[in-house]
Amino acid sequence: MLKILKMIRWKMTLLLIMKKSNNLKTLKTKKSSGANSGSKPKNEDEDENDEDSMEDDVIDIDDMQDMEKEEKNDLESKIESHITTNDGLLISDNAVAEEQLIEREQQFLEDFEMIDESMHQPLDDQEYSKFQDIDTKVSPLSTELCEQLRLILEPSLATKLKGDYKTGKRINMKKIIPYIASSYRKDKIWLRRTKPNKRDYQIMIAIDDSESMKENQAGQKALESMTLLVRAMTQLEVGKIAVASFGEAFKLLKPFSSMDFSDEMGAHIVSRFQFQQQQTQMVQFLEKSINYLNLYKESANSTSELMQLCIIISDGQLLERKRILELLREAQSKRQLFMFILIDQPNNSVYDIKIVKWDELTGQMSKDDVRYIDEFPFPYYIVLKDIASLPMILSDALRQWFELTAINEE
């Protein structure tokens, strides 16, 4: 509101400067005409007429000042009422749109059974301390990742004033003096919100909650990676962040519309992962994730092309490779990136796993064994052995994806 009042004050100042300059021009014209008439011989009657005209001029100037004050007050009241009305409409429209989006999200989560009711249960001291230990461990790494992402995730939402325009939101004070000096011809003195300076990304982090994560001792690394990612992105203010779990069922533990990632919410999220689900339904997870991201993409107010990112943390034991590839192509066409963080173990490395490949033409097994990682369906994946390497590896992967996207758009 203070910015709006300052804008009104500068508008009024500019209008008064223009009026006073016009009044000075009028007075100079009258004085010059009086000087020219003064060169002629005057009689007594003409002197009396001159005195009367001077008195009339004084009266006219006083009347003009009164009129300027009245016009100033009227104009100020009109501008204030106009801005108040528009500002109120803008706030109400945004509030209504936000409420409608939250209602649609809630209905979507209910329809697809993605709500985890246990998130509202009270926590004990052991669950709080577990999250605190994880948070303390990854705190230096989250700061490092934040600085890496700052160079990659560029601002996409225009909220900063920029440019020289004939109309706009605010007057550029550096342009007022040249504007007056040019006899009001250089009138590009206004600023508009055209410079991006705020990030508006939508990022979802999903962790595999299946039993294989516990058997491979990947569960603890997955929770540490999730905490590291959310802390770094919250510190950077990337936009909206969601956290989900998947296995036999897909549950959204933190939707996009929820509050920031607090210690209490972090403890609740960590406590929900027991790694006891019997299967990893990756196809079901991808289908629901794409639909959920579409819900927010359609309601986005960003002027630029919105980028949505889903980071999957799992041990990589997947089925239905063909259907996964189809869903990933669909997501890529909608500018949705699914990046896979594959938790690797030294004793049972994913690089050592081999699979049997079927020949689609003959319908028989191939004689040569194929490495599982060579047939991995996700084109963008990270094999994570040490949590300390996550900031550098993740930032490099995102940088490569942005470069490829820019090349394809060109």
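Chemist: Please provide a residue-by-residue account of helix 6 (residues 219-236), values included.
Modeler: For helix 6, with 18 residues, the first-to-last C-alpha span of 26 Å sits near the 26 Å given by 1.5 Å per residue. Across the 18 residues that make up helix 6, a large majority, 15, are buried.

Chemist: Let's hear about the sheet that holds strand 5 (residues 239-246): which residues, and what values?
Modeler: Taking strand neighbours across the sheet as the criterion, the 6 strands line up as 6-5-4-7-8-11 in an open arrangement whose pairing is mixed. Taken across any chain shown, the strands that pair with only one partner, and hence form the sheet edges, are strand 6 (251-254) and strand 11 (381-384). On average, adjacent strands in this sheet sit at an angle of 25° to one another, irrespective of strand direction. The sheet contact formed by strand 4 (residues 201-208) and strand 5 spans 8 bridges and is parallel. Paired with Ile203 across the strands is Ile241, a residue of strand 5. Against the sheet, helix 6 engages strand 4, strand 5, strand 7 (308-314), strand 8 (336-343) and strand 11, with an angle of about 170° to strand 4.

Chemist: Quick one: what's the story with the packing of helix 3 (residues 125-152) against helix 7 (residues 263-271), residue by residue and with numbers?
Modeler: In the contact formed by helix 3 and helix 7, the axes pass within 9 Å of each other and the chain directions differ by 105°. Here helix 3 lies roughly perpendicular to helix 7, going by the angle between them. When helix 3 is examined against helix 7, the residues Glu127, Tyr128, Lys130, Phe131, Gln132, Ile134 and Asp135 are found in contact with a partner set consisting of Asp263, Glu264, Gly266, Ala267, Val270 and Ser271.

Chemist: Describe the packing of aromatic side chains, listing the residues and the values that go with them.
Modeler: The geometry of an aromatic ring pair is captured by two quantities: the separation of the ring centres and the angle between the planes. All told, the structure shown has 12 aromatic pairs when counted by the stated rule. Arranged with centres 6.0 Å apart and planes meeting at 25°, the rings of Phe273 and Phe275 form a pair that is stacked.

Chemist: Let's hear about the side chain of Asp315: which residues, and what values?
Modeler: With respect to the helices, strands and loops of the structure, Asp315 is situated in the loop between strand 7 and helix 9 (321-333). Although Asp315 lies buried, it forms no salt bridge, and the closest oppositely charged side chain, Lys221, sits 13 Å away as judged by the N-O distance. Reaching out from Asp315, the side chain makes a polar contact with the side chain of Ser212 at a distance of 2.7 Å.

Chemist: For the nonpolar core, give the residues involved together with the corresponding values.
Modeler: In this structure, Met226, Leu229, Ile313 and Ile341 are the most contacted members of the largest nonpolar core, which totals 52 residues. Tallying contributions element by element places helix 6 first for this core, with 9 residues. Filtering out sequence-adjacent residues up to four positions away, Ile341 remains in contact with Leu229, Ile311, Ile312, Ile313, Ser314, Ile382, Leu384 and Leu390.

Chemist: Please provide a residue-by-residue account of the pairing of strand 7, values included.
Modeler: With 7 of 7 residues buried, strand 7 lies mostly within the body of the structure. Neither face of strand 7 is open: one carries Gln308, Cys310, Ile312 and Ser314, the other Leu309, Ile311 and Ile313, and all of them are buried. In this structure, strand 4 lies alongside strand 7, joined through 6 bridges in parallel fashion. Its bridge partner lying in strand 7, Met204 is registered against Cys310. As paired strands, strand 7 and strand 8 are joined by 7 bridges and run parallel to one another. The residue bridging Ser314 from the neighbouring strand is Leu342, located in strand 8. Handedness of the β-α-β unit built from strand 7, helix 9 and strand 8 comes out right-handed.

Parameters and conventions
Residues numbered from 1 in each chain as written. Predicted model: local features only at pLDDT ≥ 70, side-chain atom pairs only at ≥ 80, totals over all residues. Heavy atoms only, no water. Helix = DSSP H or I, 4+ residues; strand = E, 2+ residues; numbered from the N terminus. Expected span 1.5 Å × (residues − 1). Buried < 20%, exposed > 50% of the residue type's maximum accessible area, 1.4 Å probe, protein only. Pairing = 2+ DSSP bridges. Axes fitted to C-alpha atoms, helices over the stretch in contact; angles between N-to-C directions. Contact = heavy atoms within 4.5 Å. Parallel < 35°, antiparallel > 145°, perpendicular 65-115°, else oblique. Phe/Tyr/Trp six-rings, centres within 6.5 Å; stacked < 30°, edge-to-face > 60°. Lys, Arg positive; Asp, Glu negative; His and termini not counted. Salt bridge = Lys/Arg side-chain N within 4 Å of Asp/Glu carboxyl O. Polar contact = N/O pair within 3.5 Å; in protein donor to acceptor, adjacent residues only side chain to side chain. Core = buried A, V, L, I, M, F, W, Y, C linked by side-chain atoms within 4.5 Å. Right-handed = clockwise from strand over helix to strand, strands pointing away.

Keep in mind these values describe shape, not function.
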